[in-house]
Amino acid sequence: MSYTNSPLVSFTKLSPNNSGLRTHSIDTITIHCMACNGSIETLGNLFAQSSRKASSNYGIGSDGRIGLYVEEKNRSWCTSSSANDNRAITIEVANIEAQEPYRVSNAAYDSLIKLCADICRRNNIKQLLWKADKNLIGQVDKQNMTVHRWFANKSCPGQWLYEHHGQIAADVNKLLQVEEGEEEMTQEKFNQMFITAMNEYRRSLQNNNAGSWSEDARDWAVSTGLIKGGDPLPNGKPNYMWPDFLTREQMATLLFRFKDMV
Ligand SMILES: [Zn+2]
């Protein structure tokens, strides 16, 4: 498994506080709250101190910018659980208030949704699942989001983010579906559009419009029976479809008729 980092990151300050390569593939996302309105730079400076013994893979500021502190390939020190952080991407989100319910800004929320969708896409997580059930820890086919409060005596991720986990999953899944749906639609839709447009174009050529320069040739071809019209026009006259394409099938027929003429 080769791991990548999110292209949505605008600030990187790698923290020494990590266990090196993770021992489990990424199949979980754990969203944390900073419990303060810290910028991604401030959080980076905090995680840069080895004495803090803490880190997260990503951080999101109230301005919506995203920071990288521990590369996705490495295990962060974030959720008070080795088992969790070996399989989870951990994300710290800034709060616009330093107390419960620890709300987050709209910009931070939007970035969180985009970052989670990006993490899912790059790590082949089909959708985010949330049941608010601690007993489902590790059963990622039923629930692949976890919260810090399940592993330590903390309120993290705070009331607001905890209560919005279902909404976060729904918003992320909507993004993932739109992207997948658009890809499928594009191929199918393009083919259908091309066929429809081609038929429309052919129809526009099936008439008797022609230049006078070819009049003698056309009269001769019709009088000798080389060219026989298709279905008649609404006015009952034969439709010779002069501007339309000549297929190889029609060319063979023309030559065949001509051979019998000479
Ligand atoms: Zn936490």
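Here, every reference points to the structure presented above.
Residues numbered from 1 in each chain as written. Predicted model: local features only at pLDDT ≥ 70, side-chain atom pairs only at ≥ 80, totals over all residues. Heavy atoms only, no water.

Caption draft 1: Summary view of the overall build of the protein. If you tally the helices and strands in the protein, you get seven helices and eight strands. Relative to the compact-globule value of 18 Å for 262 residues, the protein shows a C-alpha radius of gyration of 33 Å, a clear excess of over 25%. In terms of overall dimensions, the protein has C-alpha extents of about 100 × 35 × 35 Å along its principal axes. When burial is assessed residue by residue, the protein has 39% of its 262 residues classed as buried. Pairs at least 24 apart in sequence give 70% of the contacts found in the protein among residues at least 6 apart. Summed over its atoms, the accessible surface of the protein is roughly 14900 Å², and 53% of this surface lies on carbon and sulfur atoms. Each charge sign in the protein was given a centre, from 28 positive and 29 negative side chains, and these centres are 5 Å apart. (Helix = DSSP H or I, 4+ residues; strand = E, 2+ residues; numbered from the N terminus. Rg over C-alpha atoms; globule rule 2.2 N^0.38 Å. Buried < 20%, exposed > 50% of the residue type's maximum accessible area, 1.4 Å probe, protein only. Contact = heavy atoms within 4.5 Å. Areas by Shrake-Rupley, 256 points an atom, 1.4 Å probe, with all protein chains shown as cover. Lys, Arg positive; Asp, Glu negative; His and termini not counted. Charge placed at Lys NZ, Arg CZ, Asp CG, Glu CD.)

Caption draft 2: The pattern of salt bridges, seen in detail. Across all of its chains, the model carries 12 salt bridges by this definition. Salt-bridge contacts for R87 lead to D27; the nearest nitrogen and oxygen are separated by 2.7 Å. Placement of the pair is R87 in helix α2 (residues 82–87) and D27 in the loop between β2 (18–21) and β3 (28–33), with a sequence separation of 60 residues. Both residues of the pair, R87 and D27, count as buried. Of the charged contacts, one joins E72 and R122 as a salt bridge, the two residues approaching to 2.6 Å between their closest N and O atoms. Of this pair, E72 sits in the loop between β5 (66–68) and β6 (74–76) while R122 sits in helix α3 (residues 106–122); the two residues are 50 residues apart in sequence, bridging distant segments of the chain. (Salt bridge = Lys/Arg side-chain N within 4 Å of Asp/Glu carboxyl O.)

Caption draft 3: Expanded view of the coordination of the zinc ion. Note on the zinc ion: its protein donors are H32 (ND1), H148 (ND1) and C156 (SG). The metal-donor distances range over 2.1 to 2.3 Å. The motif formed by the donor residues of the zinc ion, counted along the single chain, is H-x115-H-x7-C. We note that H148, like C156, is buried. (Donors = N, O, S within 2.8 Å, 3.2 Å for Na, K, Ca; no water.)

Caption draft 4: A look at the pairing of strand β7 (residues 88–93). Burial analysis of β7 places six of its six residues in the buried class, which makes it a mostly covered element. Every second residue of β7 is oriented toward a common face, with A88, T90 and E92 on one face and I89, I91 and V93 on the other, all of them buried. Bridge count between strand β4 (residues 58–60) and β7: three bridges; the pairing is parallel. Residue pairing in the sheet places G59 in a bridge with E92 of β7. (Pairing = 2+ DSSP bridges.)

Caption draft 5: Main features of the side chain of N84. Locating N84 in the fold gives a position in helix α2. Classification of N84 as buried rests on a relative accessible area of 4%. Side chain to side chain, N84 and D85 meet in a polar contact 3.2 Å long. (Polar contact = N/O pair within 3.5 Å; in protein donor to acceptor, adjacent residues only side chain to side chain.)

Caption draft 6: Structural context of the packing of aromatic side chains. Evaluated as defined, the whole model comprises six aromatic pairs. With centroids separated by 5.4 Å and ring planes inclined at 75°, the aromatic side chains of F47 and Y69 adopt a geometry described as edge-to-face. Here Y69 lies in the loop between β5 and β6 and F47 lies in helix α1 (residues 40–47), a separation of 22 residues in the sequence. Comparing F47 with Y69, the two get one shared label, buried. In textbook terms, an aromatic cluster arises when at least three aromatic residues are bridged by ring pairs, as seen for W130, W150 and Y162. Seen from the ring of Y162, R149 lies directly overhead, with NZ or CZ sitting 4.2 Å from the centre. The aromatic ring of W242 is capped on one face by R218, whose charged end is 5.6 Å from the ring centroid. (Phe/Tyr/Trp six-rings, centres within 6.5 Å; stacked < 30°, edge-to-face > 60°. Lys NZ or Arg CZ within 6 Å of the ring centre and 35° of its normal.)

Caption draft 7: Main features of the state of the cysteines. Applying the stated rule across the entire model yields zero disulfides. With no disulfide partner, C36 has as its closest neighbouring cysteine sulfur the one in C33, 9.0 Å distant. Among the residues examined, C36 registers a relative accessible area of 34% and is labelled partly exposed. A disulfide-free cysteine, C78 has its sulfur positioned 7.1 Å from the sulfur of C156, the nearest such atom. (Disulfide = S-S within 2.5 Å.)

Caption draft 8: A look at the sheet that holds strand β8 (residues 145–146). One open sheet accounts for six strands, arranged β1-β5-β4-β7-β3-β8; its pairing is mixed. Unpaired on one side and paired on the other, β1 (11–12) and β8 mark the two borders of the sheet. Where β4 meets β5, three bridges bridge the pair, whose relative direction is antiparallel. Considered in β5, the bridge of G59 is made with G67.

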